2 protein chains.
Amino acid sequence: MRDGGHILALSGGVGGAKLATGLASRLAPEALTIVCNTADDFVHLGLTICPDLDSVMYALAGRNDTERGWGLANETWTVLETLGGLGGEAWFRLGDQDLATHLQRSQRLREGANLSKATAELCRALGIAHRVLPMSNDPVRTVVQTASGELPFQHYFVREQCRPEVTGFRFEGIAAARPQADFLARLADPALGAVLICPSNPFVSVDPILQLPGVLDALRACPVPVVAVTPIVGGQALKGPAAKMMRELGLASSAEAVAAWYARYPGLVQGFMLDEIDRAQQPAIEALGMRVRVTNTVMKNAGDRGMLASVALAFAQEIAGHP
Amino acid sequence: MRDGGHILALSGGVGGAKLATGLASRLAPEALTIVCNTADDFVHLGLTICPDLDSVMYALAGRNDTERGWGLANETWTVLETLGGLGGEAWFRLGDQDLATHLQRSQRLREGANLSKATAELCRALGIAHRVLPMSNDPVRTVVQTASGELPFQHYFVREQCRPEVTGFRFEGIAAARPQADFLARLADPALGAVLICPSNPFVSVDPILQLPGVLDALRACPVPVVAVTPIVGGQALKGPAAKMMRELGLASSAEAVAAWYARYPGLVQGFMLDEIDRAQQPAIEALGMRVRVTNTVMKNAGDRGMLASVALAFAQEIAGHP
């Protein structure tokens, strides 16, 4: 165990997965737990699909497609193309290899395994040494509220390609969902060193994790720094609809607005990592009561990912040493 | 409509599918209905798989793999291989294109379509003009009784590769299953010209159809010839475990023994089609009260399939004309 203690990373999909792989390159398996949002999960064609868990697993396994930016490398699309020819629902892009993940997970859930166990088994089969946890074993489903009505998240995200104007979100099932047990246990563990909020969508990736019953209280009660990494760089989301959502919600699409969003949870985030290009926003974020670290947050390769992880870990240690 | 009336073919998988394509090459879409055994069906990885329906559909669509002898041509195996790597159940050989059929069928069943409707939709998507019906929309499941206990059919057939010694069969659910409505309607239709029992396994492909409540009575009540085509040629099954099963059940593995098996249903079969190589068995089969037609029953190509279909149709008309 490094002296910085155990690191708990809260992650959405692709952006979070990048920082997660950076952290995994810097931390021993026993020093890192990655908790993934599951509010994007849905059942499609009878398969339980967990996009954020899969993005993180595939990235940690080194099997993610870096060019396409999602899914598996060397993917083929035979099943989906054939299904389309049969008149089936082909809007959700399921690759052949990816489908095997969903078939196996769905089968294990049918056999009575919970999502944590199914995830742990998939991780083992994929050769992933670090711990990946779903935020909850209970179903939570993001519903996107739009000008033209409510949409299940994947219908909004994939089928409608984020076109509808967002007015808000609700997380169906969240009031009854229990945070995954090891997630809560880590938050209460004296060995915990820091909590990192990955550069993920604050509305639909991070908020569902934070709003699980008991999570905010546990985060506030634990004496370690909570550090968030901006998912917005130069006013743009590097991936996904975060910036578009911010504008539609009447927010600025800026790192500062993300920090302000997290500041709605008083006492939650102590440190905020800002991209060099957004250096001018540092004072405004500090005014929200957060310490700020300015660094390169754009992860184009393994070097960038490891570097950002190292900076985040050092920043957290610094905050812990100088509260 | 040809003057021989509507033809109803009762079929299992691969062997039956060959004659079905022969019949389809000789008969207009409105002159042929193919009723498929569904007692081989099973739910695997959450998918409803109907091997006999699929064999018939794929053959009629001209998409079956003639070299391998089952499944689809130009098939790939990415999902199954990936699933195996994840520790999933990979013993049932699901090709990528084939999987699309199962996903779509399962989805339609979940949406409330019955198996007839799901089958009709798949046939339409595959460009099949002739009517293919499941024998029933209710689940019937063949259980193979063996010296070492009972096995679900696909476990016996695929996982155990027909190795266990067979002592008998039972068809779970058959007492409560209703024959598909259009199947029964065809049997009662004055336009019916003949019923053909395809060269399929008499124990696990044809018997489940015959033993559906009401089917035997309806077959005996209809005034048209019932003609069976031998699935055993020169003592061997051309495909599948029929000959092995016959020996294990203490029967001769011969065409004559198949005829004798059908003769257990008194008054059912009027005509039996025997291969030239088994010509010597003609008197013994005639002694069972059946008329016999000796012809080439081995279907190696489209010509053979069409020829056997023509001979079967002519034989049935001959019987109808000379009762």
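That block above? That's the structure.
All residue numbers refer to position in the chain's written sequence, counted from 1. Chains and ligands are labelled by the order in which they are written, letters from A for the one and numbers from 1 for the other. Since the coordinates come from a predicted model, pLDDT governs what is reported: local features require at least 70, and pairs of side-chain atoms require 80 or more to be given and counted, while whole-chain, interface and lining totals use all residues.

**Q** I'd like to hear about the sheet that holds strand E8 (residues 166-172) of chain A, residue by residue, with values.
**A** All names here are of chain A. Two strands pair if DSSP finds at least two bridges between them. Segments assigned H or I by DSSP are reported as helices when at least four residues long, segments assigned E as strands when at least two residues long, and all are numbered from the N terminus. The three strands lie next to each other as E7-E6-E8, forming an open sheet whose pairing is antiparallel. Edge strands, defined here as strands with exactly one partner in the open sheet, are strand E7 (149-152) and E8. The mean inter-strand angle of the sheet, taken between neighbouring strand axes irrespective of direction, is 25°. Summarising the sheet, strand E6 (residues 141-146) and E7 pair through four bridges and their orientation is antiparallel. For Val143, the partnering residue across the bridge sits in E7 and is Pro152. In this analysis, axes come from line fits to C-alpha atoms, helices being fitted only over the stretch in contact, and the angle between any two N-to-C directions falls in the range 0 to 180 degrees.

**Q** Hey, could you go over the nonpolar core for me, with residue numbers and the actual values?
**A** Each nonpolar core reported here comprises buried Ala, Val, Leu, Ile, Met, Phe, Trp, Tyr and Cys residues connected via C-beta atoms within 7 Å. Any residue surrounded by 20 or more other C-beta atoms within 10 Å of its C-beta is treated as buried, while 12 or fewer makes it exposed and the intermediate range makes it partly exposed; C-beta atoms here are placed from the backbone. In terms of nonpolar packing, the biggest core is built from 199 residues, with Ala9 and Ala20 of chain A together with Ala9, Ala20 and Leu196 of chain B touching the most fellow members. Two residues qualify as being in contact provided that their C-beta atoms, derived from the backbone, are within 7 Å of each other. Contacts of Ala20 of chain B, omitting those with residues within four sequence positions, involve Ala9, Ser11, Ile34, Val56, Ala59, Leu60 and Cys198 of chain B.

**Q** Talk me through the relation of the copies chain B and chain A; I want residue IDs and the actual numbers.
**A** Only residues with pLDDT of at least 70 in both copies count here: their C-alpha atoms drive the least-squares fit that superposes the copies. Once chain B has been moved 0.0 Å along the axis and rotated by 180°, it coincides with chain A to within an RMSD of 0.0 Å. Here the symmetry operator amounts to a two-fold rotation axis. Interface residue correspondence from chain B to chain A reaches 100%, placing this contact among same-surface, isologous pairings.

**Q** Run through the environment of Pro164 of chain A, naming residues and quoting values.
**A** Residues and elements named next belong to chain A. Within the secondary structure, Pro164 sits in the loop between helix H6 (153-159) and E8. Residue Pro164 is classed as partly exposed on the basis of its 18 C-beta neighbours within 10 Å. Considered as a pair, Pro164 and Gln145 are 19 residues apart in the sequence and their alpha carbons are 9.1 Å apart. Aside from chain neighbours lying at most four places away, what touches Pro164 is Thr146, Ala147, Ser148, Leu151 and Tyr156.

**Q** Now, about the sheet that holds strand E13 (residues 271-275) of chain B: what can you tell me, with residues and values included?
**A** All names here are of chain B. With parallel pairing, the seven strands of this open sheet are ordered in space as E5-E2-E1-E9-E10-E13-E14. In this open sheet, the two edge strands, each paired with only one partner strand, are strand E5 (131-134) and strand E14 (291-295). Averaged over all adjacent pairs, the angle separating strand axes in this sheet is 25°, with direction ignored. Pairing of strand E1 (residues 6-11) with strand E2 (residues 32-36) involves five bridges; the strand directions are parallel. Within the sheet, the bridge partner assigned to Leu8 lies in E2 and is Thr33. Lying on the sheet, helix H1 (residues 14-26) is in contact with E1, E2 and strand E10 (226-229); it crosses E1 at an angle near 165°.

**Q** Could you give me a rundown of the packing of helix H1 (residues 14-26) of chain A against helix H2 (residues 51-60) of chain A, with the residues and numbers involved?
**A** Residue and element names in this part refer to chain A. Where H1 meets H2, the axes come as close as 8 Å, and the angle between the chain directions of the two elements is 35°. Along this stretch, H1 crosses H2, giving a crossing that reads as right-handed. Counted together, Val14, Gly16, Ala17, Lys18, Ala20, Thr21 and Ala24 of H1 and Ser55, Val56, Ala59 and Leu60 of H2 form the full contact between these two elements. Gly is put with the polar residues, along with every residue not named as nonpolar or charged; the nonpolar set is Ala, Val, Leu, Ile, Met, Phe, Trp, Tyr, Cys and Pro, and the charged set is Asp, Glu, Lys and Arg. Of the residues in the contact of H1 with H2, the class split is seven nonpolar, three polar and one charged. Note: crossing handedness is left-handed where the near helix turns anticlockwise from the far helix by less than a right angle, and right-handed where it turns clockwise.

**Q** Please give an account of the interface of chain B and chain A that cites residues and values.
**A** The interface of chain B with chain A comprises 24 residues on the first partner and 24 residues on the second. Going through the elements one at a time, helix H3 (78-85), helix H4 (96-110) and helix H5 (115-125) of chain B are the ones with two or more residues in the side of chain B that touches chain A. Partitioning the side of chain B that touches chain A into residue classes produces nine nonpolar, 12 polar and three charged.

**Q** Explain the environment of Ala320 of chain A residue by residue, including any values.
**A** Residue and element names in this part refer to chain A. Mapped onto the fold, Ala320 is located in helix H13 (residues 302-321). Measuring from C-alpha to C-alpha, the distance between Ala320 and Ala73 comes to 39 Å, with 247 residues separating the pair along the chain. Not counting chain neighbours up to four residues away, the residues in contact with Ala320 comprise Ala194, Val224 and Pro225.

**Q** Could you give an account of unusual backbone geometry, naming the residues involved and the relevant values?
**A** Residues and elements named next belong to chain A. Positioned with a positive phi, Gln161 is a non-glycine residue whose angle comes to about 45°. By secondary structure assignment, the location of Gln161 is in the loop between H6 and E8. Taking the C-beta count within 10 Å as the criterion, Gln161 has 10 such neighbours and is therefore assigned exposed. Phi is positive for Cys162, close to 60°, though the residue is something other than glycine. Residue position: Cys162 is located in the loop between H6 and E8.

**Q** Just give me the short version of the pairing of E1 of chain B, but keep the residues and values in it.
**A** Residues and elements named next belong to chain B. Within E1, six of the six residues are buried, which leaves the element mostly enclosed by the surrounding structure. Both faces of E1 are covered, namely the face carrying His6, Leu8 and Leu10 and the face carrying Ile7, Ala9 and Ser11. With five bridges joining them, E1 and strand E9 (residues 192-197) adopt parallel strand pairing. Bridge pairing links His6 to Leu192 in E9.

**Q** Provide a residue-level description of H1 of chain B, including the pertinent values.
**A** All names here are of chain B. The span one expects for a helix is its residue count, reduced by one, times 1.5 Å. Under the 1.5 Å per step criterion, the end-to-end length of H1 is 19 Å for 13 residues, consistent within 8% with the ideal 18 Å. Buried residues dominate H1, accounting for 12 of its 13 residues. Within H1, burial applies to Val14, Gly15, Gly16, Ala17, Lys18, Leu19, Ala20, Thr21, Gly22, Leu23, Ala24 and Arg26.

**Q** Give a description of the packing of helix H3 (residues 78-85) of chain A against H4 of chain B that names residues and reports values.
**A** The geometry of H3 of chain A relative to H4 of chain B is characterised by a closest axis approach of 8 Å and an angle of 50° between their N-to-C directions. In terms of orientation, H3 of chain A and H4 of chain B fall into the oblique class. At the point where H3 of chain A passes H4 of chain B, the crossing takes the right-handed sense. Mapping the contact onto sequence places Thr78, Val79, Thr82 and Leu83 of chain A in H3 of chain A and Asp96, Gln97, Leu99, Ala100, Leu103 and Gln104 of chain B in H4 of chain B. A breakdown of the residues in the contact of H3 of chain A with H4 of chain B according to their chemical character gives five nonpolar, four polar and one charged. Between 65 and 115 degrees an angle is taken as roughly perpendicular, under 35 as roughly parallel, over 145 as roughly antiparallel, and anywhere else as oblique.

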